[in-house]
Amino acid sequence: MNALIIFTLLIVLMLTGMPISISLGLTVLTFLFTMTDVPIQSVALKLFTGIEKFEIMAIPFFILAGNFLTHGGVARRMINFATSMVGHWHGGLALAGVVACALFAAVSGSSPATVVAIGSIILPAMVRQGYPRGFGAGVITTSGALGILIPPSIVMVMYSVTTNTSVGQLFMAGVVPGLMLASLLGLTTWFLARKHNYPRMKKASWGERWEAFRKSAWGLLLIVIVMGGIYSGKFTPTEAAAMAAVYAFIIAVFVYKDLKLKQVAKVLLDSASMSAMLLYIITNAMLFSFLMTSEGIPQAMAAWITGQGLGVISFLLVVNILLLLAGNVMEPSSIVLIMAPILFPVAMKLGIDPVHFGILIIVNMEVGMCHPPVGLNLYVASGITKMGISELTVAVMPWLLTMLAFLVVVTYVPQISLWLPNLIYK
């Protein structure tokens, strides 16, 4: 009964158009002060202790690194490198977009940042080459979603904070699924380009490829620093995020010199603003999680699901449907912070690996970012392409179906996610 009251109140507040963070906080406060005897001091204490976690510091650092890279010409050099490698295949420029999104995802940790950085450069070039605008938009909208699957990933950090799962293992677990999904999106792009005979580019010589690689090497080196540092145990994911921010600042301002010193203040301000927004959501989500636990809702839900005789296969199917439905109305950070504390105890009771479960949730979030009505990537791509959301929804459909097929595979073949972390952390 209490669960019904809590979720009804949350949904009603969200339907009024109130931001999710405030809806969460108000739901908790309304319920606690009207239906329980929980003292106000414990609520205030929970607000502060909820974000007293070392891992959370990674979020503002990764946001800052992503913003430096977005403004610092790194994306353009990555696109040039990707184009020199695959530009001569069918749909070469579109394939270069997929490769560039995968490379930029490995340094930014954010899907919208990947769509903006790569899309704003490559989409006008594709239109000039004669590609239909919808095709280019479909490629970049879905490939940009790799930003939260290929590590480092801000959403992975949030899942880690919510469920006490190792961030390092999650980062490792995202590598193989991320590369697999990038390959499948590339395959879909190549197939459609070949079918419609879209333009190809002149094959680059090995000298031109080396030159493109040399120019993009400073940006690509960030992947080695972040992942290599975590792999080797030289520093934690949080320390890796701080290193990434400092390194991104140095290459954007002093190496590539695309970002002027006077522009740094604006980048810092934008990053602070985005970080504050995310931390506010996290704080309220922690409060919501506290309410759930104090009312025994996750435990009751776990007992009910196991009482229904749901096995692992049925439970994972229900989770996927639930998360895809949530993706219709919420953005990834909110879904992870609200749904993970509820679903996680059930998954543990059924013996599902916490790292595999995290990757499954993140692949669901990727799909949610590419379909209406709240698909973040759709809105970002709409701003770049000046296309309507309904028009974009049709454009992304072939890649979206590919992503759904991949979701099924990653759900029921846990070794895709677990092979690399088991290899490194055994």
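Up top is the structure these notes are about.
Described below are features of the structure shown in this document. Predicted, not measured: the structure shown is a model, and the values here were computed from it. (Residues numbered from 1 in each chain as written. Predicted model: local features only at pLDDT ≥ 70, side-chain atom pairs only at ≥ 80, totals over all residues. Heavy atoms only, no water.)

**Comments concerning the overall build of the chain**
Now for step 1: What the chain contains, in helices and strands, is 21 helices and zero strands.
Now for step 2: Radius of gyration (C-alpha) of the chain: 22 Å, near the 22 Å computed for a compact globule of 426 residues.
Now for step 3: Considering only C-alpha atoms, the chain reaches an extent of 70 × 45 × 45 Å along its principal axes.
Now for step 4: Long-range contacts, defined as pairs at least 24 residues apart, comprise 79% of the intrachain contacts of the chain with a sequence gap of at least 6.
Now for step 5: Of the accessible surface of the chain, which amounts to about 17600 Å², a share of 70% is contributed by carbon and sulfur atoms.
Now for step 6: The averaged location of the 13 negative side-chain charges in the chain is 16 Å from the averaged location of its 22 positive side-chain charges. (Helix = DSSP H or I, 4+ residues; strand = E, 2+ residues; numbered from the N terminus. Rg over C-alpha atoms; globule rule 2.2 N^0.38 Å. Contact = heavy atoms within 4.5 Å. Areas by Shrake-Rupley, 256 points an atom, 1.4 Å probe, with all protein chains shown as cover. Lys, Arg positive; Asp, Glu negative; His and termini not counted. Charge placed at Lys NZ, Arg CZ, Asp CG, Glu CD.)

**Examining the pattern of salt bridges**
Now for step 1: All chains considered together, the criterion is met by five salt bridges.
Now for step 2: For Arg 77, the salt bridge goes to Asp 258, with nearest N and O atoms at 2.7 Å. Of this pair, Arg 77 sits in helix α5 (residues 74–86) while Asp 258 sits in the loop between α12 (237–255) and α13 (261–294); the two residues are 181 residues apart in sequence, bridging distant segments of the chain.
Now for step 3: Judged by relative accessible area, Arg 77 falls into the buried class, the value being 15%.
Now for step 4: Shared partners join several salt bridges into a network, and the residues in it are Arg 76, Arg 77 and Asp 258. (Salt bridge = Lys/Arg side-chain N within 4 Å of Asp/Glu carboxyl O. Buried < 20%, exposed > 50% of the residue type's maximum accessible area, 1.4 Å probe, protein only.)

**A word on the packing of aromatic side chains**
Now for step 1: Inspection of the entire model under this criterion finds twelve aromatic pairs.
Now for step 2: Every member of this aromatic cluster is reached through a ring pair, and the members are Tyr 131, Phe 135, Tyr 198 and Trp 399.
Now for step 3: Above the face of the Tyr 256 ring, Arg 77 is positioned so that its terminal group lies 3.8 Å from the ring centre.
Now for step 4: The residue whose ring lies beneath Arg 209 is Trp 206, and the NZ or CZ to ring-centre distance is 4.5 Å. (Phe/Tyr/Trp six-rings, centres within 6.5 Å; stacked < 30°, edge-to-face > 60°. Lys NZ or Arg CZ within 6 Å of the ring centre and 35° of its normal.)

**Points about the nonpolar core**
Now for step 1: Grouped together as the largest cluster of nonpolar side chains are 147 residues, with contacts concentrated most on Ile 118, Phe 135, Phe 171, Phe 315, Leu 323 and Phe 357.
Now for step 2: At 13 residues, the largest contribution of residues to this core is made by helix α6 (residues 92–108). (Core = buried A, V, L, I, M, F, W, Y, C linked by side-chain atoms within 4.5 Å.)

**Quick look at the environment of Val 410**
Now for step 1: Note that Val 410 resides in helix α20 (residues 397–412).
Now for step 2: Along the sequence, Val 410 and Arg 77 sit 333 residues apart, while their C-alpha atoms lie 32 Å from each other.
Now for step 3: Every residue in contact with Val 410, bar those within four places of it in the chain, is listed here: Pro 177, His 356, Ile 359, Val 363, Ile 416 and Ser 417.

**Quick notes on the side chain of Arg 209**
Now for step 1: Mapped onto the secondary structure, Arg 209 falls in helix α11 (residues 206–232).
Now for step 2: Although buried, Arg 209 forms no salt bridge, and the nearest oppositely charged side chain, Glu 208, lies 7.3 Å from it.
Now for step 3: When sequence neighbours within four positions are dropped, the list of residues in contact with Arg 209 reads Phe 81, Ser 84, Met 85, His 88, Lys 203 and Ala 204.

**Observations regarding the packing of helix α8 (residues 133–143) against α20**
Now for step 1: Closest axis-to-axis distance for the α8/α20 pair is 8 Å, and the angle between their directions is 30 degrees. Taken as axis vectors, α8 and α20 run roughly parallel relative to one another. Counted together, Phe 135, Gly 138, Val 139 and Thr 142 of α8 and Trp 399, Leu 400 and Met 403 of α20 form the full contact between these two elements.
Now for step 2: Across the contact of α8 with α20, the residue classes tally to five nonpolar, two polar and no charged. (Axes fitted to C-alpha atoms, helices over the stretch in contact; angles between N-to-C directions. Parallel < 35°, antiparallel > 145°, perpendicular 65-115°, else oblique. Nonpolar A, V, L, I, M, F, W, Y, C, P; charged D, E, K, R; others polar.)

**What to know about unusual backbone geometry**
Now for step 1: For the bond from Pro 151 to Pro 152, the omega torsion is 0 degrees, close enough to zero to count as cis.
Now for step 2: Counting through the fold element by element, Pro 152 comes out in the loop between α8 and α9 (154–163).
Now for step 3: Despite not being glycine, Asn 197 shows a phi value in the positive range, around 55 degrees.
Now for step 4: Residue placement: Asn 197 occurs in the loop between α10 (167–196) and α11.
Now for step 5: You will see that Lys 386, though not glycine, has its phi angle at about 60 degrees, which is positive.
Now for step 6: Relative to the helices and strands, Lys 386 is located in the loop between α18 (376–385) and α19 (389–395).

**Digging into the environment of Ala 193**
Now for step 1: With respect to the helices and strands, the residue Ala 193 is situated in helix α10.
Now for step 2: A relative accessible area of 0% places Ala 193 in the buried class.

**Section: helix α15 (residues 312–326)**
Now for step 1: The end-to-end C-alpha distance of α15 is 21 Å, a good match for the 21 Å that 15 residues give at a rise of 1.5 Å each.
Now for step 2: Inspection of α15 places Phe 315, Leu 316, Val 319, Asn 320, Leu 323 and Ala 326 among the buried residues, and these make up the whole buried set. Buried residues of α15, viewed axially, fall in a sector of 140 degrees; they line one side. Of the residues in α15, the exposed ones pointing more than 90 degrees away from the buried face are Ile 313 and Leu 325.
Now for step 3: Taken together, the buried residues of α15 touch α14 (297–307), α16 (332–349), α17 (354–368) and α20. (Expected span 1.5 Å × (residues − 1). Arc of directions from axis to C-beta.)

**A short note on the packing of α9 against α16**
Now for step 1: For the pair α9 and α16, the least separation of the axes is 9 Å and the interaxial angle reads 30 degrees. Considering their axes alone, α9 and α16 lie roughly parallel with respect to each other. Of the two elements, α9 crosses α16, and the hand of that crossing is right-handed. Within the contact between the two elements, α9 uses Val 155, Met 158, Tyr 159, Thr 162 and Thr 163 and α16 uses Pro 332, Ser 333, Val 336, Leu 337, Ala 340, Pro 341 and Phe 344. (Left-handed = near helix turned anticlockwise from the far one by under 90°.)

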